[in-house]
Structure formats: C-alpha cells, structure tokens
Amino acid sequence: MLLPSSMVSLSRFAASATTAMTMTSIASLAQKSEAFHVSNIGTAGKPWGVDEYKLWRETRSKQRCYITDLAPRIQALGEIECDRTNARPFEVVQYGDLPHR
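## Thoughts on the overall build of the protein chain
Within the protein chain one finds three helices and zero strands. Reading the protein chain from its N terminus to its C terminus gives the helix and strand order α-α-α. In the protein chain, which comprises 101 residues, the share counted as buried stands at 3%. Here the protein chain displays about 9,800 Å² of accessible surface, and carbon together with sulfur accounts for 59% of that area.

As structure tokens, this is what we get:
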C-alpha cells in the first residue's frame, strides 16, 4: 500500500518527535539519578552509618504498599475455587512476621 507523501512526512515527523521526547526523558532521568545515586552517599570503602541510611531512605520513592497492593491479591488466591471440584487450590497461611521500623 502506498501512502501519500504528506502522510509519509507526517509519520517521519511523529517518529522523530517521539525519539526526541524519549531522549529528553532519558537525559532528565539520568540527571535526577546522578543527584541521588547511591555512590554519592557516604565515603567509598567506609560502611554507612545512621546518617547515610537516613539520607538514602529520604531519596527513595515509595514503589508499592503491601496492604493496598499485595495483600488483596494474596487473599484473592485463597478464595479461588476449582469449577469442577469446588476445591480451593491455594491456602493462604501466614508463615512469618516482619517488624517495620
């Protein structure tokens, strides 16, 4: 199928604009990550202390929440029933507990 030349030009423009936006986003992320990169915390060869751990935690963003993101999915596995036998193939059991600071 042949495309009119105006559509070809438009598609080239869209591709170059997308590439430029992607490159800009990557450069922006690189600048942000350099500012808070783990290697910029503390002194090389010296174990981190309380201050370094505190600084590292302050630079992290929350990625997920156990209670809202994971727990409902785990509970849903325990409620699944087999269509033929009505058996539940998964048993949800608490096998440990992690203290949260």
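## Overview of the pattern of salt bridges
This structure, assessed with the given rule, holds one salt bridge. Residue R88 is joined to E81 by a salt bridge in which the shortest nitrogen-to-oxygen separation is 3.4 Å. The exposure class assigned to E81 is partly exposed, which follows from its relative accessible area of 39%.

## Some points on the layout of surface pockets
Using a probe with the size of a water molecule, rolled over the atoms, empty space left in the structure can be pinpointed. Here the largest pocket defines a volume of roughly 850 Å³. Contributing to the lining of the largest pocket are 18 residues, with Y66, L70, D97, L98 and H100 lying nearest its centre. Among the secondary structure elements, those contributing two or more residues to the lining of the largest pocket are α2 (50-59) and α3 (66-79). When residues of the lining of the largest pocket are assigned to their parent elements, the largest contribution, five residues, is made by α3. Considered class by class, the residues forming the lining of the largest pocket number 10 nonpolar, four polar and four charged.

## Looking at the packing of aromatic side chains
All chains considered together, the criterion is met by one aromatic pair. Relative to Y53, the ring of W48 has its centre 5.4 Å away and its plane inclined at 75 degrees; by these criteria the two rings are edge-to-face.

## Thoughts on the environment of D51
Along the polypeptide, D51 turns up in helix α2. Considered as a pair, D51 and I41 are 10 residues apart in the sequence and their alpha carbons are 9.6 Å apart.

## Topic: a nonpolar patch on the surface
A surface patch of nonpolar side chains, about 710 Å² in accessible area, is lined by Y66, I67, L70, I74, L77, I80, F90 and V92. Mapped onto the fold, F90 is located in the segment after α3.

## Notes on the environment of W56
Within the secondary structure layout, W56 lies in helix α2. With a relative accessible area of 29%, W56 lands in the partly exposed category.

## Overview of unusual backbone geometry
With a phi close to 60 degrees, N86 is a non-glycine residue in the positive phi region. You can see N86 is positioned in the segment after α3. A residue is classified by how much of its surface remains accessible, and N86, at 52% relative accessible area, is exposed.

Parameters and conventions
- Residues numbered from 1 in each chain as written.
- Predicted model: local features only at pLDDT ≥ 70, side-chain atom pairs only at ≥ 80, totals over all residues.
- Heavy atoms only, no water.
- Helix = DSSP H or I, 4+ residues; strand = E, 2+ residues; numbered from the N terminus.
- Buried < 20%, exposed > 50% of the residue type's maximum accessible area, 1.4 Å probe, protein only.
- Areas by Shrake-Rupley, 256 points an atom, 1.4 Å probe, with all protein chains shown as cover.
- Salt bridge = Lys/Arg side-chain N within 4 Å of Asp/Glu carboxyl O.
- 1 Å grid on protein atoms, 1.4 Å probe; cavity = no way out; pocket = protein on both sides within 12 Å on 5 of 7 lines; lining within 4 Å.
- Points joined across faces, edges and corners; volume = space filled by probe spheres on them.
- Nonpolar A, V, L, I, M, F, W, Y, C, P; charged D, E, K, R; others polar.
- Phe/Tyr/Trp six-rings, centres within 6.5 Å; stacked < 30°, edge-to-face > 60°.
- Patch = residues over 30% accessible without salt bridge, like charges linked within 9 Å, V, L, I, M, F, W, Y side chains within 5 Å.

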